[in-house]
Amino acid sequence: MKNTRYKRYTAGFALLFILLIAALYANLVFGSVNLTAGKIFGVLSGNPSDATTSNIILGIRLPRLLSAAILGGALSVSGFLLQNFFSNPIAGPFVLGISSGAKLVVALVMIFFLGRGIVLGSATLIFAAFTGSLLSMGFILLVSGRVRKMSVLIISGVMTGYICSAVTDIVIAFADDSDIVNLHNWSTGTFSGTSWSDVKTAAIVTGTSLIASFMLSKPMSAYQFGESYAENSGVNIKRFRIALILLSSILSACVTAFAGPVSFVGIAVPHLTKSLFKTAKPIVIIPASFIGGAVFCLVSDLIARTLFAPRELSISSVTAVFGAPVVIFIMLKRESRKFRR
């Protein structure tokens, strides 16, 4: 039995790594200007064939694909943490309105400072997004304490997201004309315009949060069997729940700060990885979700910028097309199980 699980885990991670390498390579090759493997290798090895190719790879595509990989992985892990917190596979930062809350606060902060000619740093944007995430999470927790049905909680989260998005759109409508374009692109979700500084900050924040999440694998495994079981196993429920809230909020806030709201990744990818590995063990699913989220967002971003080139789609439009059917499938599967019972 253990040997079978080991083979499944090995095959699963091998598949994810192959898909990740293929997605990274495709994002380097394809675009408004298609590049050959030789030109890419030349730039990466320090011997570029020309300055234009070097600028395309090092200045545009490489930071963008790294940003998509890091933030996609962060969003997927954030969704997995929330699913463990609420014990429901439909829970996710976008569906629960957490991403929309972060989006609203970031938009307010950006408009306030940009209107005064002040350029914001990455730390300020992340802190603003984190504040918005915590505010939305606080409302969801308040609702969860008053209702027993998960469907009501999900609907409350969706409505919260709509309210935050509507307020954000109203705020953007009153922004200066010079700021509207950037604010609009960011508010719909995009990995374009990512700098190396953004990649570095996102990598540090996500990497730290990912390590902390991985260290919670054991108490998360116990928590999956219920609060009573986890408490009897020596887990401090209060501290554990606070840690999950903070980590999921930081991860989703980092994504919102740099790429805006990205939909359905936090729900679809954890479900797909659990189906692939036939387990929900955090020690396996956390790294698998991160890699899977990276692949999902890399492929989605590639489609967003090449499908109707030179016109670029928002990343949320593409992730919704692929992620929403997964959510529908999860809901139908849960209902069919209830019907059989």
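Cut-off values and rules
- Residues numbered from 1 in each chain as written.
- Predicted model: local features only at pLDDT ≥ 70, side-chain atom pairs only at ≥ 80, totals over all residues.
- Heavy atoms only, no water.
- Helix = DSSP H or I, 4+ residues; strand = E, 2+ residues; numbered from the N terminus.
- Rg over C-alpha atoms; globule rule 2.2 N^0.38 Å.
- Buried < 20%, exposed > 50% of the residue type's maximum accessible area, 1.4 Å probe, protein only.
- Areas by Shrake-Rupley, 256 points an atom, 1.4 Å probe, with all protein chains shown as cover.
- Lys, Arg positive; Asp, Glu negative; His and termini not counted.
- Charge placed at Lys NZ, Arg CZ, Asp CG, Glu CD.
- Phe/Tyr/Trp six-rings, centres within 6.5 Å; stacked < 30°, edge-to-face > 60°.
- Core = buried A, V, L, I, M, F, W, Y, C linked by side-chain atoms within 4.5 Å.
- Contact = heavy atoms within 4.5 Å.
- Expected span 1.5 Å × (residues − 1).

*Asks:* I'd like a rundown of the overall build of the chain, residues and numbers included.
*Replies:* The helix and strand tally for the chain stands at 14 helices and 0 strands. Beginning at the N terminus, the succession of helices and strands in the chain can be written as α-α-α-α-α-α-α-α-α-α-α-α-α-α. Computed over C-alpha atoms, the radius of gyration of the chain comes to 20 Å, within 12% of the 20 Å expected from 2.2 N^0.38 for 341 residues, which places it in the range of a compact globule. Oriented by its inertia axes, the alpha-carbon framework of the chain measures out at about 65 × 55 × 35 Å. Taken over 341 residues, the chain has a buried fraction of 50%. Entry remark: accessible area of the chain is about 16,800 Å², with carbon and sulfur atoms responsible for 67%. The chain carries 28 positive and 11 negative side-chain charges, and their two centres are separated by 19 Å.

*Asks:* Can you tell me about the packing of aromatic side chains, naming the residues and giving the values?
*Replies:* Applying the stated criterion to the full structure yields 6 aromatic pairs. With 4.9 Å between their ring centres and 55° between their planes, Phe-13 and Phe-277 make a pair best called tilted. With Phe-13 in helix α1 (residues 2-29) and Phe-277 in helix α12 (residues 265-277), this residue pair connects regions lying 264 residues apart in the sequence. Given a relative accessible area of 21%, Phe-13 falls into the partly exposed group. Note on Phe-277: relative accessible area 0%, which makes it buried. Both rings, one in Phe-112 and one in Phe-113, keep their centres 5.2 Å apart while their planes meet at 85°; by these two values the pair is edge-to-face. The exposure class of Phe-113 is partly exposed, given its relative accessible area of 26%. Site record: aromatic cluster; members linked through ring pairs are Tyr-9, Phe-13 and Phe-277.

*Asks:* I'd like a rundown of the nonpolar core, residues and numbers included.
*Replies:* Counting residues in each nonpolar core, the largest one holds 91 residues, and the members touching the most others are Leu-71, Phe-86 and Met-220. Examining the composition of this core, we find that 16 residues originate from one element, helix α3 (residues 51-86), more than from any other. In this structure, Leu-71 is in contact with Phe-191, Ala-202, Cys-254, Val-255, Phe-258 and Ala-259, ignoring residues within four places of it in sequence.

*Asks:* Quick one: what's the story with α12, residue by residue and with numbers?
*Replies:* Under the 1.5 Å per step criterion, the end-to-end length of α12 is 18 Å for 13 residues, consistent within 8% with the ideal 18 Å. Taken as a whole, α12 has its buried residues at Val-265, Gly-266, Ile-267, Ala-268, Val-269, Pro-270, His-271, Thr-273 and Phe-277. Phi turns positive, to about 55°, at Lys-278, one or two residues after α12.

So, to be careful, I would describe these as geometric facts and stop short of saying anything about function.
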